[in-house]
Amino acid sequence: MEKITFTADDGTKEEFYIEEQTRISGINYLLVSDSMQSEANAYILKELPSSQGEESEYVMVEDEVEFEAVSGVFSQMLEDDVEFE
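Source: prediction; values computed, not measured.

## What about the overall build of the protein chain?
What the protein chain contains, in helices and strands, is one helix and five strands. Ordered by position in the sequence, the α and β elements of the protein chain form the string β-β-β-β-β-α. Counting only residues that meet the buried cut, the protein chain has 25% of its 85 residues in that class. Taking the intrachain contacts of the protein chain between residues at least 6 apart in sequence as the baseline, contacts between residues at least 24 apart amount to 26%. Total accessible area on the protein chain stands at roughly 6500 Å², and carbon and sulfur atoms take up 40% of it.

Below, the structure written as structure tokens:
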């Protein structure tokens, strides 16, 4: 499973496992987890536009309406029983 390193605003780094990805209205989203275990915490990351040649930058989706829409898409894509909060 592919990993991504996320750097928070305070400079701390965390590694996440990419579970799924989708593109909605021209924006890339990643569903990531903090563990490969079945009881892992999952997060939705949104790709920010970047200049050519730069690494992609992702932020956590915090807008409630956007989160509900994207989590609905990921729920349909996954076969497992997934619960988003």
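## Focus on the nonpolar core
Ile 4, Phe 6, Phe 16, Ile 18, Leu 30, Val 32, Leu 45 and Tyr 58 together form the largest nonpolar core, which totals eight residues. The contacts of Leu 45, once residues within four sequence positions are left out, are Phe 6, Asn 28, Tyr 29, Leu 30, Val 32, Tyr 58, Val 59, Met 60 and Val 61.

## Some thoughts on the sheet that holds strand β4 (residues 42-48)
The sheet built from five strands is open, its strands ordered β1-β2-β3-β4-β5 with antiparallel pairing. Looking at the sheet topology across the chains shown, the edges are occupied by β1 (3-7) and β5 (57-60). Pairs of neighbouring strands in the sheet enclose a mean axial angle of 45 degrees, with direction left out of account. As defined by bridge partners, β1 adjoins strand β2 (residues 13-24) across five bridges and the pair is classed as antiparallel. Within the sheet, the bridge partner assigned to Thr 5 lies in β2 and is Glu 15. On top of the sheet, helix α1 (residues 64-77) reaches β2, β3 (27-33) and β4; it is set at about 80 degrees to β2, its chief contact.

## Side note on the pattern of salt bridges
Using the criterion set out here, one finds two salt bridges in the structure. As a salt-bridge pair, Glu 15 and Lys 3 come within 3.3 Å of each other at their nearest N and O atoms. In this pair, Glu 15 is assigned in strand β2 and Lys 3 in strand β1, connecting sequence segments twelve residues apart. Measuring nitrogen to oxygen at the nearest pair gives 3.2 Å for the salt bridge that ties Glu 66 to Lys 46. In this pair, Glu 66 sits in helix α1 while Lys 46 sits in strand β4, placing the two residues 20 residues apart along the sequence. On the accessibility criterion, Glu 66 (18% relative accessible area) is buried.

## Section: the environment of Ala 8
With respect to the helices and strands, Ala 8 occurs in the loop between β1 and β2. Along the sequence, Ala 8 and Tyr 58 sit 50 residues apart, while their C-alpha atoms lie 9.9 Å from each other.

## Digging into the packing of aromatic side chains
Taken as a whole, this structure holds two aromatic pairs when the rule is applied. One aromatic cluster is present, built from ring pairs that chain together Phe 6, Phe 16 and Tyr 43.

What counts as what
- Residues numbered from 1 in each chain as written.
- Predicted model: local features only at pLDDT ≥ 70, side-chain atom pairs only at ≥ 80, totals over all residues.
- Heavy atoms only, no water.
- Helix = DSSP H or I, 4+ residues; strand = E, 2+ residues; numbered from the N terminus.
- Buried < 20%, exposed > 50% of the residue type's maximum accessible area, 1.4 Å probe, protein only.
- Contact = heavy atoms within 4.5 Å.
- Areas by Shrake-Rupley, 256 points an atom, 1.4 Å probe, with all protein chains shown as cover.
- Core = buried A, V, L, I, M, F, W, Y, C linked by side-chain atoms within 4.5 Å.
- Pairing = 2+ DSSP bridges.
- Axes fitted to C-alpha atoms, helices over the stretch in contact; angles between N-to-C directions.
- Salt bridge = Lys/Arg side-chain N within 4 Å of Asp/Glu carboxyl O.
- Phe/Tyr/Trp six-rings, centres within 6.5 Å; stacked < 30°, edge-to-face > 60°.

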